[in-house]
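Chain and residue survey
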Amino acid sequence: MNIKSTIIPIFGAATLALATIAGAGERGHGNWFQKLDADSNGTISQAEINAAGNAHFDKLDADGNGTLSKQEFNARKVNMLNKADTDANGEISADEWKTAKEKMRAHHGANK
């Protein structure tokens, strides 16, 4: 079993969980349900969840070799932390955390 066959279902399940938490399309992330329902038939199939997981995996797989290194996996987290660290001191203060959360909510439409 390779990492991609293990990680894809995890990303798919995480994507579905996020959609549920975000209100399954009622708010947040520009309507998750519609994004996951690729064929617009009003249901989300396992294939559609897997496709979303594949797309997410492919974004993380920077060198396109079909595997995720620790560096590739952690790069996204580091990038997010760097964006939140507005004073560039290498730490995230409570105020920076709050501001970052507000920006993410605004960006993803959670307040609509």
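Residues numbered from 1 in each chain as written. Predicted model: local features only at pLDDT ≥ 70, side-chain atom pairs only at ≥ 80, totals over all residues. Heavy atoms only, no water.

Attention now moves to the overall build of the protein chain. From N to C terminus, the protein chain includes 5 helices and 0 strands. Ordered by position in the sequence, the α and β elements of the protein chain form the string α-α-α-α-α. Counting only carbon and sulfur atoms, one obtains 57% of the accessible surface of the protein chain, whose full area is about 7900 Å². (Helix = DSSP H or I, 4+ residues; strand = E, 2+ residues; numbered from the N terminus. Areas by Shrake-Rupley, 256 points an atom, 1.4 Å probe, with all protein chains shown as cover.)

Turning next to the environment of leucine 68. Secondary-structure assignment places leucine 68 in the loop between α3 (46–60) and α4 (70–84). Put simply, leucine 68 and phenylalanine 57 are 11 residues apart on the chain and 8.1 Å apart in space, counted from C-alpha to C-alpha.

The subject of this paragraph is the confidence of the model for the protein chain. Overall, the predicted model of the protein chain reaches an average pLDDT of 76, with 69% of residues at or above 70. Least confident of the elements in the protein chain is helix α1 (residues 3–21), whose mean pLDDT is 55; most confident is α3, at 88. Long-range and interchain partners of residues 21–27, a stretch whose pLDDT sits below 50, account for 14 contacts in this model, where long-range means more than four residues apart. (pLDDT = per-residue confidence, 0-100. Contact = heavy atoms within 4.5 Å.)

A surface patch of positive charge is lined by Lys35, Lys59, Arg76 and Lys83. Structurally, the position occupied by arginine 76 is in helix α4. Accessibility expressed as a relative area gives 41% for arginine 76, which makes it partly exposed. (Patch = residues over 30% accessible without salt bridge, like charges linked within 9 Å, V, L, I, M, F, W, Y side chains within 5 Å. Salt bridge = Lys/Arg side-chain N within 4 Å of Asp/Glu carboxyl O. Lys, Arg positive; Asp, Glu negative; His and termini not counted. Charge placed at Lys NZ, Arg CZ, Asp CG, Glu CD. Buried < 20%, exposed > 50% of the residue type's maximum accessible area, 1.4 Å probe, protein only.)

What follows deals with unusual backbone geometry. Phi angles above zero are rare outside glycine, and serine 40 is one such case at about 55 degrees. Examined against the element boundaries, serine 40 turns out to sit in the loop between α2 (32–36) and α3. One non-glycine residue, alanine 88, lies in the positive phi region at around 55 degrees. If you trace the backbone, alanine 88 turns up in the loop between α4 and α5 (94–108). Here alanine 88 falls in the exposed class, since its relative accessible area comes to 64%.

With respect to the element layout, aspartate 37 can be found in the loop between α2 and α3. Sequence separation of aspartate 37 and alanine 47 is 10 residues, and the distance between their C-alpha atoms is 10.0 Å. Not counting the four nearest positions on each side in its chain, aspartate 37 is found in contact with Gly42, Thr43, Ile44 and Glu48.

Here glutamate 48 is to be found in helix α3. Among buried Asp, Glu, Lys and Arg side chains, glutamate 48 stands out as unpaired, with lysine 35 the closest opposite charge at 15 Å. A polar contact is formed between the side chain of glutamate 48 and the backbone nitrogen of alanine 38, at a distance of 3.0 Å. From its side chain, glutamate 48 meets the backbone nitrogen of aspartate 39 in a polar contact 3.1 Å long. For glutamate 48, the contacting residues outside a window of four places in its chain are Leu36, Asp37, Ala38, Asp39 and Thr43. (Polar contact = N/O pair within 3.5 Å; in protein donor to acceptor, adjacent residues only side chain to side chain.)

What follows is about the side chain of aspartate 37. Despite its burial, aspartate 37 remains without a salt bridge, the nearest opposite charge being carried by lysine 35 at 14 Å. For aspartate 37, the side chain forms a polar contact with the main-chain nitrogen of glycine 42, separated by 2.8 Å.

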